[in-house]
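A closer look at the structure
The chain contents come next:
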Amino acid sequence: DVQLVESGGGSVQAGGSLGLYCAVSGLTGGSYFMGWVRQAPGKEREAVAAIYQGDGGTYYPDSVKGRFTISQDNAWSTLYLQMNSLKPEDTAMYYCAAIKGWVSAGRRLRGDIYNHWGQGTQVTVS
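One structure accompanies this document, and this report is about it. For clarity, every value in this text was computed on a predicted model and none was experimentally measured.

The next subject is the overall build of the protein chain. Within the protein chain, the secondary structure is distributed over 0 helices and 11 strands. Its helices and strands in sequence order give the protein chain the pattern β-β-β-β-β-β-β-β-β-β-β, from N to C terminus. The C-alpha radius of gyration of the protein chain comes to 13 Å, within 12% of the 14 Å expected for a compact globule of 126 residues. If one aligns the C-alpha atoms of the protein chain with their principal axes, the spans along those axes are about 40 × 25 × 25 Å. In the protein chain, which comprises 126 residues, the proportion classed as buried is 43%.

Here is the structure:
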């Protein structure tokens, strides 16, 4: 079974940086599309970064483009999100997520495409 465990969340001042980690296991049966999704009170679920295991392609919404970077280790045992120039509006619970297979361009930054989820890690920017 796919298992995802996030870590690295915490509190940081605006303009600061933070790195989030996701321990990954159980990615069997083909390539997966993976991402980081955040949920803040009063806001809709928002994918902030995605990466396809099949070709390494990465995707970001305009809200974080140029500030956030998604990456992974060679064995795909760790998914990483580097967040720079953080803003108060980045405050949210951040989840690591995955779904098996290729995802079409129009769906890659949707927050509801995944069927495997971690428990989340809180990021607070003040």
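Picking up where we left off.
This paragraph deals with the sheet that holds strand S3 (residues 18-25). Where strands meet in a sheet, backbone hydrogen bonds hold them as pairs that are either parallel or antiparallel. Read across the sheet, 4 strands follow the order S1-S3-S8-S7 without closing on themselves; strand pairing throughout is antiparallel. Only two strands of the sheet have a single neighbouring strand rather than two, namely strand S1 (3-7) and strand S7 (68-72). In this sheet, neighbouring strand axes are inclined to one another by 15° on average, regardless of whether the strands run parallel or antiparallel.

So, on to the pairing of strand S8 (residues 78-83). Regular strands show a simple pattern: their side chains alternate between the two faces of the sheet. Here S3 pairs with S8 via 6 bridges, running antiparallel. Bridge pairing in S8 places Leu20 opposite Leu81. Across 5 bridges, the pairing between S7 and S8 is antiparallel. From the neighbouring strand, Gln72 faces S8, where its bridge partner is Leu79. Adjacent in sequence and paired antiparallel, S7 and S8 are bridged by 5 residues, among which Trp76 carries a positive phi angle near 60°.

Below, the discussion takes up the nonpolar core. Counting residues in hydrophobic clusters, the biggest one holds 30 residues, and the most contacted among them are Met34, Trp36, Leu79, Leu81, Met83 and Tyr94. Setting aside residues no more than four positions away along its own chain, Tyr94 makes contact with Glu6, Leu20, Trp36, Val37, Arg38, Val48, Phe68, Leu81, Met83, Gly120, Thr121 and Val123.

Across the 8 residues of strand S4 (residues 32-39), 7 count as buried, placing the element largely inside the fold. Bridge analysis of S4 against strand S9 (residues 92-100) gives 8 bridges, and the strand direction is antiparallel. Following the sheet pairing, Trp36 is matched in S9 by Cys96. When S4 meets strand S5 (residues 46-52), the two strands line up antiparallel, connected through 6 bridges. Within S5, the position partnered with Gly35 by the bridge is Ala50. In sequence, S4 turns back onto S5 through a hairpin of 6 residues, with Gly42 there showing a positive phi of about 80°.

Rules of the game
- Residues numbered from 1 in each chain as written.
- Predicted model: local features only at pLDDT ≥ 70, side-chain atom pairs only at ≥ 80, totals over all residues.
- Heavy atoms only, no water.
- Helix = DSSP H or I, 4+ residues; strand = E, 2+ residues; numbered from the N terminus.
- Rg over C-alpha atoms; globule rule 2.2 N^0.38 Å.
- Buried < 20%, exposed > 50% of the residue type's maximum accessible area, 1.4 Å probe, protein only.
- Pairing = 2+ DSSP bridges.
- Axes fitted to C-alpha atoms, helices over the stretch in contact; angles between N-to-C directions.
- Core = buried A, V, L, I, M, F, W, Y, C linked by side-chain atoms within 4.5 Å.
- Contact = heavy atoms within 4.5 Å.

The values reported here are purely geometric and, on their own, carry no functional implication.
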